[in-house]
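Residues per chain, in single letters:
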Amino acid sequence: MSRCVPQPQVHWVADSELVVLPTPTPTEARVRLTTFPVTRRVAHAYVRALHRHLRPPVGDYTSFAVEDEQGTVHGVAIIGRPSARLLDAGRSSFGKVAEITRVATDGQPNACSALYGACCRWARGRGFDTVLTYTLADEPGHSLRGAGFEDDGVRPGGTWTDRTPFSPFMDMDPPKPEPSAEVMGPKRRWLKRLKAGQ
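Residues numbered from 1 in each chain as written. Predicted model: local features only at pLDDT ≥ 70, side-chain atom pairs only at ≥ 80, totals over all residues. Heavy atoms only, no water.

Engineer: Please explain the overall build of the protein chain as it appears in this structure.
Structural biologist: Of regular secondary structure, the protein chain possesses five helices and 10 strands. Counting every position in the protein chain, which comprises 198 residues, the buried fraction comes to 42%. In the structure as shown, the protein chain presents an accessible area of about 11000 Å², 53% of it carried by carbon and sulfur atoms. (Helix = DSSP H or I, 4+ residues; strand = E, 2+ residues; numbered from the N terminus. Buried < 20%, exposed > 50% of the residue type's maximum accessible area, 1.4 Å probe, protein only. Areas by Shrake-Rupley, 256 points an atom, 1.4 Å probe, with all protein chains shown as cover.)

Spelled out as structure tokens, the structure:
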């Protein structure tokens, strides 16, 4: 689930240390942004600090951060396995699918689009056919359109945590807190096909 929310800045101090700074005042100056890979631990810490309604995901492939010329980190993105089981199994017309499971930023203009672009370049280089992500149904998706994603319509909500008799570890799973109605509700799916002719 993707989310770009105005929040306090988080400054990159060391490999795994994040320091919250005061929220900047808006400026008209164009900021040069750069993306780079970060560890799972750092990306999850940023999501826990700034994402309004979701915890860090499971099933990560890799993560990216985006920073300005002063080294201030303005957001992170996590790309991983698809949340829809059939897509994860490869039984769809989308081919091999990766999903951008989290995007969290401090509201810096173009930070979300830069992160989406980094995730798509990573996925293309590793042979994926399609990159998907989800937003809340009422979010406009301007950053996704800017990064070349198409609106694939609204999908019903749900989670991977529904217990079924197919899981051999069903009784070993620790209890999980009930997700909010916002998290469980309908989502808008966005997709970007990475190969010509799809």
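Engineer: Explanation requested: the packing of aromatic side chains in the structure shown.
Structural biologist: Ring pairs (aromatic) are described by centroid distance and by the angle formed between their planes. Counted according to the given criterion, the structure contains four aromatic pairs. Members of the aromatic cluster, joined through ring pairs, are Tyr61, Trp122 and Phe128. Directly above the aromatic system of Phe128 lies the positively charged group of Lys96, at a separation of 4.6 Å from the ring centroid. (Phe/Tyr/Trp six-rings, centres within 6.5 Å; stacked < 30°, edge-to-face > 60°. Lys NZ or Arg CZ within 6 Å of the ring centre and 35° of its normal.)

Engineer: Sorry if this is basic, but what is going on with unusual backbone geometry here?
Structural biologist: A negative phi holds for most residues other than glycine; trans holds for most peptide bonds. Even without glycine at this site, Asn110 takes up a positive phi of about 75 degrees. Inspection of the secondary structure puts Asn110 in the loop between β7 (97–105) and α3 (111–125).

Engineer: So what exactly am I meant to see when it comes to the pairing of β7 here?
Structural biologist: Each regular strand carries side chains that alternate between the two faces of the sheet. Among the nine residues of β7, nine are classified as buried, and the element is accordingly described as predominantly covered. In terms of strand pairing, strand β6 (residues 72–80) meets β7 through six bridges, oriented antiparallel. Paired with Ala77 across the strands is Val103, a residue of β7. Sheet topology places β7 next to strand β8 (residues 130–136); four bridges connect them, and they run parallel. Its bridge partner being in β8, Ala98 is matched across the sheet by Val131. (Pairing = 2+ DSSP bridges.)

Engineer: Would you explain the side chain of Thr133 in this entry?
Structural biologist: Locating Thr133 in the fold gives a position in strand β8. Residue class for Thr133 comes out buried when judged on its relative accessible area of 0%. Within polar-contact distance, the side chain of Thr133 engages the backbone oxygen of Ile100 at 2.8 Å. (Polar contact = N/O pair within 3.5 Å; in protein donor to acceptor, adjacent residues only side chain to side chain.)

Engineer: When you look at the environment of Gly75 in this model, what are you seeing that I'm missing?
Structural biologist: Here Gly75 shows up in strand β6. Given the relative accessible area of 0%, Gly75 is considered buried. Sequence separation between Gly75 and Ala111 is 36 residues; the distance between their C-alpha atoms is 6.7 Å. In this view, Gly75 contacts Tyr46, Phe64, Ala65, Val66, Ala104, Thr105 and Leu115; residues no more than four positions away in its chain are not counted. (Contact = heavy atoms within 4.5 Å.)

Engineer: Just to check I follow, could you spell out the confidence of the model for the protein chain for this structure?
Structural biologist: In low-pLDDT regions, the fine details of the predicted coordinates are not to be read closely. In this model, the protein chain carries a mean pLDDT of 76, and residues with pLDDT of at least 70 account for 66%. Confidence drops under a pLDDT of 50 for residues 1–8, and excluding neighbours within four residues, the segment shows 46 contacts in the predicted structure. Predicted confidence for residues 19–25 stays below pLDDT 50, and this span has 14 contacts to residues more than four positions away or in other chains. (pLDDT = per-residue confidence, 0-100.)

Engineer: What's the story with the pattern of salt bridges in this structure? I'm lost.
Structural biologist: Oppositely charged side chains can pair when the atoms bearing their charge come close. For the structure on display, the rule yields four salt bridges. A salt bridge links Arg40 to Asp60, with the shortest nitrogen-to-oxygen separation between them at 3.6 Å. Taken together, the residues span a long stretch of sequence, with Arg40 in helix α1 (residues 40–50) and Asp60 in strand β5 (residues 60–67) at a distance of 20 residues. The partner of Asp151 in a salt bridge is Arg188, with the nearest N and O atoms 3.0 Å apart. (Salt bridge = Lys/Arg side-chain N within 4 Å of Asp/Glu carboxyl O.)

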